[in-house]
Amino acid sequence: MNTMIRLKVNGTDYHVDVDPEMPLLWVLRDELRLTGTKFGCGIAMCGTCTVLLENEAVPSCAISVGDVSGEVTTIEGLGTPDDLHTVQKEWIRHQVSQCGYCQPAQIVAAAALLQNTSSPSDAEIDDALSAVLCRCGTYGRIRQAVKSAAERQKEQHSK
């Protein structure tokens with residue numbers, strides 16, 4: 001049975017008339033047309049559907065839209081084409097992407113990490129991003145991009 005549900009996604013308020021048990025992933029992709037968040041496995045094992053929920057990286061396929069409280073940020077909400085998020089800039093600079101399918105989730109997870117850890121170690125980066133599987137194996141470049149993004153953010157905050 002559908003219910004009108006209020007969501008705040010990427011700073012915008014939405015009202016969607018959906019079944020409260022519908023996974024957040026499908027509301028984002030099918031109802032709001034925010035297709036940067038990808039479907040991978042549907043059982044929260046691959047991480048390609050990762051979004052920020054109140055600044056915490058979570059798999060959107062495992063959360064019912066009726067259980068969402070707080071703001072959701074997708075890859076589309078991290079930056080704009082004219083003002084990319086620091087992590088997005090470093091992803092480009094380090095040429096991280098190969099196929100690109102997991103990259104929105106990797107970027108979102110990295111942004112969540114850097115909100116709480118200004119100088120993450122390799123182990124912290126690996127741990128924070130371990131929930132997002134990369135079939136291309138670009139983990140080394142991912143780690144380097146996260147470290148560079150951390151340095152850039154420190155430089156920006158010191159100005």
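Below or above, wherever it landed, is the structure these notes cover. (Residues numbered from 1 in each chain as written. Predicted model: local features only at pLDDT ≥ 70, side-chain atom pairs only at ≥ 80, totals over all residues. Heavy atoms only, no water.)

Let's talk about the side chain of Thr-37
The topology assignment puts Thr-37 in the loop between α1 (24-31) and β3 (50-53). Discounting residues that sit within four places of it in the chain, Thr-37 has contacts with Leu-25, Leu-28, Arg-29, Cys-49, Val-51, Ser-60, Thr-74, Ile-75 and Glu-76. (Helix = DSSP H or I, 4+ residues; strand = E, 2+ residues; numbered from the N terminus. Contact = heavy atoms within 4.5 Å.)

A look at the environment of Ala-128
Topologically, Ala-128 is positioned in helix α5 (residues 122-129). Taking the relative accessible area as the measure of exposure, Ala-128 reaches 29% and is therefore partly exposed. Residues within four places of Ala-128 in sequence aside, it is in contact with Ala-109 and Leu-113. (Buried < 20%, exposed > 50% of the residue type's maximum accessible area, 1.4 Å probe, protein only.)

Remarks on the packing of helix α4 (residues 103-116) against α5
Contact pair α4 / α5: the axes reach a minimum separation of 9 Å and the direction vectors enclose 130 degrees. When the axis of α4 is compared with that of α5, the two are oblique. Of the two possible hands of crossing, α4 and α5 adopt the one that is right-handed. Facing α4, whose interface residues are Gln-106, Ala-109, Ala-110 and Leu-113, α5 presents Glu-124, Ile-125, Ala-128 and Leu-129. The class makeup of the residues in the contact of α4 with α5 is six nonpolar, one polar and one charged. (Axes fitted to C-alpha atoms, helices over the stretch in contact; angles between N-to-C directions. Parallel < 35°, antiparallel > 145°, perpendicular 65-115°, else oblique. Left-handed = near helix turned anticlockwise from the far one by under 90°. Nonpolar A, V, L, I, M, F, W, Y, C, P; charged D, E, K, R; others polar.)

Focus on the nonpolar core
One broad trend across soluble globular proteins is that nonpolar side chains are buried collectively. Grouped together as the largest cluster of nonpolar side chains are 25 residues, with contacts concentrated most on Leu-78, Val-87, Trp-91, Leu-129 and Val-146. The dominant element in this core, judged by the number of residues it contributes, is α4, at nine residues. Once you skip the residues sitting within four places of it in the chain, Leu-78 turns out to touch Leu-52, Thr-73, His-85, Gln-88, Ile-107, Val-108 and Ala-111. One finds Val-16, Val-27, Leu-32 and Val-65 within the second-largest nonpolar core, a separate group that totals 17 residues. (Core = buried A, V, L, I, M, F, W, Y, C linked by side-chain atoms within 4.5 Å.)

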